[in-house]
Amino acid sequence: MSEQEVVAGLRWNNNISVVTITLICYEYFLLLDKEVKYVWKRPWSLMSCLYLVVRYLGLFLALLWGCWGGLLYIPESVSYTLVVLMEWGYSAYGCIAEGILIWRLYALYNRSKLLLWILLGLFLPIVALSIGTDVFLYSRPNVFSVQEIITAEVKYCTFLFKMGPMPATYTSIPMVCYDILLLILAAAKLVKHLKERRKINSRPNTSILIIVRHHIVYFVLNFMNQIFLVILWAGISTPMMSISELFNDTVPYILAPRLIISIWDTHAHSECVYVSRTFEDRGCWTSPMVFEERDMGSEIESEVDSCIV
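Being a predicted model, the structure only gives us computed values, none of them experimental.

**Notes on helix α5 (residues 166–199)**
Here is step 1: Helix length check: α5, at 34 residues, gives a terminal C-alpha distance of 50 Å against a target of 50 Å (1.5 Å per residue), a fit within 8%.
Here is step 2: Its maximal kink placed at S172, α5 deviates by approximately 25 degrees, while the proline P174 follows within four residues.
Here is step 3: Looking one or two residues past α5, N201 carries a phi angle of roughly 55 degrees, positive in sign.

**Here's the deal with the packing of aromatic side chains**
Here is step 1: What the rule picks out here adds up to ten aromatic pairs.
Here is step 2: Seen in terms of ring centroids, Y93 and Y253 are 4.9 Å apart; in terms of plane orientation they differ by 80 degrees. Their pairing is edge-to-face. Here Y253 lies in helix α7 (residues 238–268) and Y93 lies in helix α3 (residues 76–108), a separation of 160 residues in the sequence.
Here is step 3: Three or more aromatic residues joined by ring pairs form one cluster here, namely Y28, F29 and Y56.
Here is step 4: If you follow K189 out to its NZ or CZ, it ends over the ring of Y109, 5.4 Å from the centre.

**Details of a nonpolar patch on the surface**
Here is step 1: Taken together, the side chains of W88, I131 and V135 make up a nonpolar region of the molecular surface, amounting to roughly 240 Å² of accessible area.
Here is step 2: What makes W88 partly exposed here is its relative accessible area of 31%.

**Some remarks on the side chain of D249**
Here is step 1: Position of D249 among the secondary structure elements: in helix α7.
Here is step 2: For D249, which is buried and forms no salt bridge, the nearest opposite charge comes from R55, at a distance of 17 Å.
Here is step 3: Excluding residues that lie within four positions of it along the chain, D249 makes contacts with T20, I24, A62 and W65.

**A short note on the environment of Y109**
Here is step 1: Looking at the element boundaries, Y109 is found in the loop between α3 and α4 (113–138).
Here is step 2: Among the residues examined, Y109 registers a relative accessible area of 23% and is labelled partly exposed.
Here is step 3: Sequence separation between Y109 and K189 is 80 residues, and the spatial gap between their C-alpha atoms is 7.6 Å.
Here is step 4: Filtering out sequence-adjacent residues up to four positions away, Y109 remains in contact with L115, L185, A188 and K189.

Calculation criteria
- Residues numbered from 1 in each chain as written.
- Predicted model: local features only at pLDDT ≥ 70, side-chain atom pairs only at ≥ 80, totals over all residues.
- Heavy atoms only, no water.
- Helix = DSSP H or I, 4+ residues; strand = E, 2+ residues; numbered from the N terminus.
- Expected span 1.5 Å × (residues − 1).
- Bend = angle between axes of the 7 residues up to and from the residue.
- Phe/Tyr/Trp six-rings, centres within 6.5 Å; stacked < 30°, edge-to-face > 60°.
- Lys NZ or Arg CZ within 6 Å of the ring centre and 35° of its normal.
- Patch = residues over 30% accessible without salt bridge, like charges linked within 9 Å, V, L, I, M, F, W, Y side chains within 5 Å.
- Areas by Shrake-Rupley, 256 points an atom, 1.4 Å probe, with all protein chains shown as cover.
- Salt bridge = Lys/Arg side-chain N within 4 Å of Asp/Glu carboxyl O.
- Buried < 20%, exposed > 50% of the residue type's maximum accessible area, 1.4 Å probe, protein only.
- Lys, Arg positive; Asp, Glu negative; His and termini not counted.
- Contact = heavy atoms within 4.5 Å.

Written out as C-alpha cells, the structure is:
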C-alpha cells in the first residue's frame, strides 16, 4: 500500500467517524425530550426497559465505532479486543431489535401464544447462528483481525479480512428469511384490518399502520445492512468500505429506538387524555373520570379507534 493510499484511507476513516458521531449525537438530542416525557417521567414497563437497552447500547456502540480506527489512535492489541467486543455487541443489539418486532406482532395478533412460541422457536436457531458467526468469523485472528498502519505521517488501525464473502453470505440468509416472515405476517394483518375498516367505512387504526410501516422499513434497511456486512469481506475499495461502515454503524442504532418512541408519540397526540406505554395493551382516558383498558389484539380494530383516530 502506497503512502498516498494510506493517507487516503485515514482521511476516509476520519470523515466517516465524524459523520457517524454527528448523526448519532444529533439523533440522541432529537429524541431526548420525548425520552424524558415517555420513559423517565412515567412508571417503568417492559417496553421502557427495552427502549433504554436499544437506546444506550446503540449509542455506546455507535460512538465506539466512530472513535475507533484513526480518529483516536488505539494500539493494535487493544483495537482487536474492541472490534471483537463491538461485533458481539452489534449482534446482541440486532437480536434485541428483532425481539421488539416479535413482541409487536404478538400484540397485533391478539396476544396469540401459539404465534409467539412459533416465532420464538424459529428465532432461537437464528440467535444460535449469530453467536456461531461471531465465533467463527469475528473471534478468530486467522480469519478476521486488525492491521496497524504506521508511516512517517499517519498511524491508525483498520480491518483485515482474511476470508472471502461466502461464509458471511450464507449466515445472513436465515436472518433475511426470518425478516421476510415477520413482514408477511405484519402485511397480512394490515390487509385484514383495512378490509374490516372498509366494510364499516372507517379510517384505519394508527397503531397498526405504524407497526406495519416500521416492519417494512426495518426489513429494507436490515436487508441492506446484511448486504453491506457481506461486501465488507469481499476486498472492496476504501470508499465503498467506509460507506458500508457508516451505514452499519448508524442506521440500526437509530431505527429501533424510533420504533418505540413513534408509537408512544402517536398515542400521546391522539384524543386520549392518557394512553398506556406498554406495547401489549392500550389504556385510554376518554374523560378525566372514566378509564377504559383495551387489548392491542382482539379489540384494537373495533374499539381503540375512538381513542386514536
